[in-house]
Amino acid sequence: MTLARTGRLDAFGTTIFAEMSALAVATGSVNLGQGFPDTDGPAEVLESAVAAIRDGRGNQYPPGPGIPELRQAVADHQRHWYGMEFDADAEVLVTVGATEAIAAALLGLTEPGDEVVVFEPYYDSYAACIALAGVQHRSVTLRPDAGRWSFDPDELAAAITSRTRLILLNTPHNPTGTVFTRAELQVVADLAVEHDLIVVTDEVYEHLIFDGEHIPLATIAGMADRTVTISSAGKTFSVTGWKVGWVCARPRLLHRIRQVKQFLTYVGSGPFQYAVVTGLQLPRQYFADIADRLRSQRDLLVDGLAGLGYDVLRPQATYFATVDLGRDAEAWCRALPVQAGVVAIPSKVFYDSDIDRYARFAFCKRPDVLAEALLRLEKVAR
Ligand SMILES: *Cc1c(COP(=O)(O)O)cnc(C)c1O
């Protein structure tokens, strides 16, 4: 039997996370590669999932757009935290994690021949979903500048062509930990309005901020009608295996995304949808506490790495710190599990450009695990 070559994903191979996590297991390494926490989320939220399963809520197909309680909780969350108004019935869609939301948005809002602009380094599913949609992308490079990562507005303007349909923006940003400022978002907004573009925003780290403030792009004047806001429960509630995400957008955009979503998975994560309602309704203190805990984990890792002589910036948000090795970071990361018993991700996989000087370490791990990784790193050459 011959397989027809679609070619769309030929360039992608196996995700680096599967590869490095397997290497972590084989070498008994401390895994600071994949970004998942090693402690579970709040007990109320976990109990709520168990109760939903026992009570028969969500064990069968939930409604296509998501359970009404969760759509309302998402709309309430957007109003409570950011003063944004979304109609829970017409403007909120529950998805199988942010990953499905991003895929459905790209598939639903672009046509072959269109172009998408992304910021590199980028979350690894972006390029794959863009390729699945049969569209091209251009990337704008984020670079360290005065202690944080930012972009050159002229490079963003130059990446936009007559074919550009949308900009895909991730803030707070994985892997750099940058939180886009109001001024940076204004640059994006001005270009989107000028060229009549849609902007899809991935805001899964909206609550994991240590310095700075999360500003949803949709709150910038002129952007509410052209922004697709995506987030999910995985990072906020330390339940990355649950895959409950959501999209907020005006009906004309949301309709296109729902069209795709219904044939990707139709629905998912039934009982967990009820549990995420509990999560979104937790008191503000929960959200402050999780950011505080991660901030101290960030400081433990970043101070430790700096103490070992690594060139590392202190991220403003997310789960990740990036180390600048100057060169050959991929080879360094591949040797590290054997040499030191630690796994990090070579940031090269997050770039289109041939940039191989950065390695990404996750700090969403218990302090004793981070301390052990630092102890092991003392043994290796930088
Ligand atoms: C983890 C992550 C996602 C995936 O979110 P899920 O809800 O698990 O699908 C999407 N975007 C970024 C930037 C992430 O880090």
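Here, every reference points to the structure presented above.
Residues numbered from 1 in each chain as written. Predicted model: local features only at pLDDT ≥ 70, side-chain atom pairs only at ≥ 80, totals over all residues. Heavy atoms only, no water.

> Residue-level account of the site of the ligand, with values.
The local shell around the ligand consists of Gly97, Ala98, Thr99, Tyr123, Asn170, Asn174, Asp202, Val204, Tyr205, Ser232, Lys235 and Lys243. The side chain of Thr99 places a nitrogen or oxygen atom 2.6 Å from an oxygen atom of the ligand. With respect to the ligand, the side chain of Ser232 contributes an N or O atom lying 2.7 Å from an oxygen atom. With three residues, helix H4 (residues 97-109) is the single largest residue contributor to the shell around the ligand. Looking at the shell around the ligand, its residues break down into four nonpolar, five polar and three charged. (Near = heavy atom within 4 Å. Polar contact = N/O pair within 3.5 Å; in protein donor to acceptor, adjacent residues only side chain to side chain. Helix = DSSP H or I, 4+ residues; strand = E, 2+ residues; numbered from the N terminus. Nonpolar A, V, L, I, M, F, W, Y, C, P; charged D, E, K, R; others polar.)

> Describe a nonpolar patch on the surface, naming the residues involved and giving the relevant values.
A surface patch of nonpolar side chains, amounting to about 390 Å² of accessible area, comprises Leu9, Phe12, Leu107, Leu132 and Leu264. Among the structural elements, Leu107 can be located in helix H4. The exposure class assigned to Leu107 is partly exposed, which follows from its relative accessible area of 33%. (Patch = residues over 30% accessible without salt bridge, like charges linked within 9 Å, V, L, I, M, F, W, Y side chains within 5 Å. Areas by Shrake-Rupley, 256 points an atom, 1.4 Å probe, with all protein chains shown as cover. Salt bridge = Lys/Arg side-chain N within 4 Å of Asp/Glu carboxyl O. Buried < 20%, exposed > 50% of the residue type's maximum accessible area, 1.4 Å probe, protein only.)

> Could you give an account of the sheet that holds strand E2 (residues 92-95), naming the residues involved and the relevant values?
The strand order across the open sheet built from seven strands is E2-E10-E9-E8-E7-E3-E4, with neighbouring strands paired in mixed fashion. Among the strands making up the open sheet, the edge pair consists of E2 and strand E4 (136-141). Along the sheet, successive strands turn relative to each other by an average axial angle of 20°, direction set aside. Here four bridges tie strand E8 (residues 198-202) to strand E9 (residues 227-232), and the two strands are oriented parallel to one another. If you follow Thr201 over to E9, its bridge partner there is Thr229. Packing of H4 onto the sheet brings it into contact with E2, strand E3 (115-120), strand E7 (164-170), E8, E9 and strand E10 (245-248), and relative to E9 it is tilted by some 160°. (Pairing = 2+ DSSP bridges. Axes fitted to C-alpha atoms, helices over the stretch in contact; angles between N-to-C directions. Contact = heavy atoms within 4.5 Å.)

> Could you give me a rundown of helix H3 (residues 68-82), with the residues and numbers involved?
Helix length check: H3, at 15 residues, gives a terminal C-alpha distance of 21 Å against a target of 21 Å (1.5 Å per residue), a fit within 8%. Tucked into the core, H3 has its buried residues touching E2, E9, E10 and helix H10 (270-280). At the C-terminal side of H3, Gly83 shows a positive phi close to 70°. (Expected span 1.5 Å × (residues − 1).)

> I'd love a proper account of the side chain of His207, names of residues and values included.
With respect to the secondary-structure elements, His207 resides in the loop between E8 and E9. His207 has contacts with His77, Trp81, Tyr82, Thr236, Phe287 and Ala291, leaving out every residue within four places of it along the chain.

> Give me the packing of aromatic side chains: which residues, what numbers.
Under the definition given, this model contains 20 aromatic pairs. Centre to centre, the rings of Tyr122 and Tyr126 are 6.5 Å apart; their planes meet at 20°, and the pair counts as stacked. Comparing Tyr122 with Tyr126, the two get one shared label, buried. Taken together, Trp81, Phe237, Tyr286 and Phe287 form an aromatic cluster joined through their ring pairs. The side chain of Arg284 reaches across the aromatic face of Trp81, ending 4.0 Å from its centre. Here the basic side chain of Lys365 rests over the ring of Phe36, its NZ or CZ set 3.6 Å away from the ring centre. (Phe/Tyr/Trp six-rings, centres within 6.5 Å; stacked < 30°, edge-to-face > 60°. Lys NZ or Arg CZ within 6 Å of the ring centre and 35° of its normal.)

Everything listed here is a matter of geometry and, on its own, says nothing about what the molecule does.
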